[in-house]
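# Fold and geometry: a report
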Amino acid sequence: PLHVSAAKNDGWLAQLINTGTGSDANGLDIHAGVDSSDYILRVRQQDGTDVMAVKYGGKVGIGTTAADTELHVVGNGNSAQMPLIVGNEDYTANSTSNSTAIGFGLSRDSGTVKNNAGLITVGKELAWTNADVNIDSYMSFSTYLNNAVGERVRITSAGNVGIGDTTPTAKLTV
């Protein structure tokens, strides 16, 4: 394995750069940062544009070098952006149980973490076959109540909203 060691308090510890002129001429910089304004890791394109940066303290920027949260994702363009995709690529035939979720965790006063304090879930309503007419999905919102996570609101592919109902058949079902 490659081992790089240096007695530096500041500055680049290692740089791996493809100096070619094609679209694959990119680089990786490993830095010995000493404060929150320093990089630990940077991935750059050939033209020097940063693609991803990890700052001292662990803040990760994708599409930005100025991450001000633990994960800061930025898209670039004049049209609507979707810089973050959370997916489930399980393609089990005839399955309607496939879903993907973003979980929100909170800590108790003691420090114990509850990773499912809240969830936003997107799932299949039907088995997704090769026919585009079968590609329907729902979105649901779940919260914790009495130490258990439960779905509270669901939006169906038809736009029906259920509050306390996972199978709403009208525009609003309560």
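Along every chain, residues carry numbers that run from 1 in the direction the sequence is written. Local features in this predicted model are restricted to residues whose pLDDT is 70 or higher, and side-chain atom pairs enter the listing and the counts only when it is 80 or higher, whereas totals over whole chains, interfaces and linings include all residues. Excluded from the side-chain calculations are hydrogens and water; all other atoms, namely the structure's heavy atoms, are used.

## Digging into the overall build of the protein
Helix and strand counts for the protein come out as zero helices and 12 strands. Starting at the N terminus, the α and β elements of the protein follow one another as β-β-β-β-β-β-β-β-β-β-β-β. Residues counted as buried form 21% of the 174 residues belonging to the protein. Residues are treated as being in contact if the distance between any of their heavy atoms lies within 4.5 Å. A sequence separation of at least 24 residues applies to 13% of the contacts in the protein between residues at least 6 apart. Counting only carbon and sulfur atoms, one obtains 53% of the accessible surface of the protein, whose full area is about 12000 Å². Helix and strand definitions here come from DSSP, where helices need a minimum of 4 consecutive H or I residues and strands a minimum of 2 consecutive E residues; each element is numbered from the N-terminal end. A simple rule labels every residue: compare its accessible area, found with a 1.4 Å probe on the protein chains alone, to the largest value its type can have, and call it buried under 20%, exposed over 50%, or partly exposed in between. Note on areas: Shrake-Rupley, 1.4 Å probe, and residue coverage restricted to the protein chains presented here.

## Quick notes on the pattern of salt bridges
Whenever Lys or Arg places a side-chain nitrogen within 4 Å of a carboxyl oxygen from Asp or Glu, that contact is recorded as a salt bridge. As enumerated under the stated definition, the model contains one salt bridge in all. Ionic pairing is found between Arg154 and Glu151, a salt bridge with its closest N-O pair at 2.8 Å. Its relative accessible area of 15% is what places Arg154 among the buried residues. Note on Glu151: relative accessible area 26%, which makes it partly exposed.

## Some thoughts on the side chain of Thr156
Within the secondary structure, Thr156 sits in the loop between β10 (148-155) and β11 (161-163). Classification of Thr156 as buried rests on a relative accessible area of 13%. Apart from the residues lying within four places of it in its own chain, the contact partners of Thr156 are Glu125, Ser137, Tyr138 and Pro168.

## Describing the sheet that holds strand β8 (residues 113-124)
Pairing between strands is defined by DSSP: at least two bridges between the two strands are required. Taken together, six strands build an open sheet; the order of strands is β7-β8-β9-β10-β11-β12 and the sheet is mixed. The open sheet has two edge strands with one neighbour each: β7 (99-107) and β12 (172-173).

## Here's the deal with the pairing of β10
Direction of pairing for strand β9 (residues 137-145) relative to β10: antiparallel, over a ladder of seven bridges. Directly across from Met139, in β10, lies its bridge partner Ile155. Between β9 and the antiparallel strand that follows it, β10, lie two residues; Asn146 among them carries a positive phi value of about 55 degrees. Sheet topology places β10 next to β11; three bridges connect them, and they run antiparallel.

## Here we look at the environment of Gly105
Secondary-structure assignment places Gly105 in strand β7. Once the C-alpha coordinates of Gly105 and Ala117 are considered, the two residues, 12 residues apart in sequence, prove to be 5.2 Å apart. In this structure Gly105 touches Lys114, Asn115 and Ala117, once residues within four positions along its chain are discounted.

## Here we look at the pairing of β7
Pairing geometry for β7 and β8, over eight bridges, is antiparallel. For Thr100, the partnering residue across the bridge sits in β8 and is Val122.

## Remarks on unusual backbone geometry
In this structure, Asn146 is a non-glycine residue whose phi angle is positive, near 55 degrees. Secondary-structure assignment places Asn146 in the loop between β9 and β10. Phi angles above zero are rare outside glycine, and Asn147 is one such case at about 65 degrees.

## Structural notes on the layout of surface pockets
Its volume calculated, the largest pocket comes out at about 370 Å³. Using a grid of 1 Å spacing that covers the protein atoms alone, one calls a set of points a cavity when a 1.4 Å probe fits there but cannot get out, and a pocket when the set is open and has protein on both sides within 12 Å along at least five of seven lines; lining residues are those with an atom within 4 Å of a point. Around the largest pocket, the lining is made up of 22 residues, and of these Asn88, Asp90, Asn98, Lys124 and Trp128 lie nearest the centre. Taken together, the elements giving at least two residues each to the lining of the largest pocket come down to β7 and β8. Amino acids outside the nonpolar list (Ala, Val, Leu, Ile, Met, Phe, Trp, Tyr, Cys, Pro) and the charged list (Asp, Glu, Lys, Arg) are all regarded as polar, and Gly is one of them. For the lining of the largest pocket, a count of residues per class yields nine nonpolar, 10 polar and three charged. Grid points are joined across faces, edges and corners, and a volume is the space filled by probe spheres set on the points.

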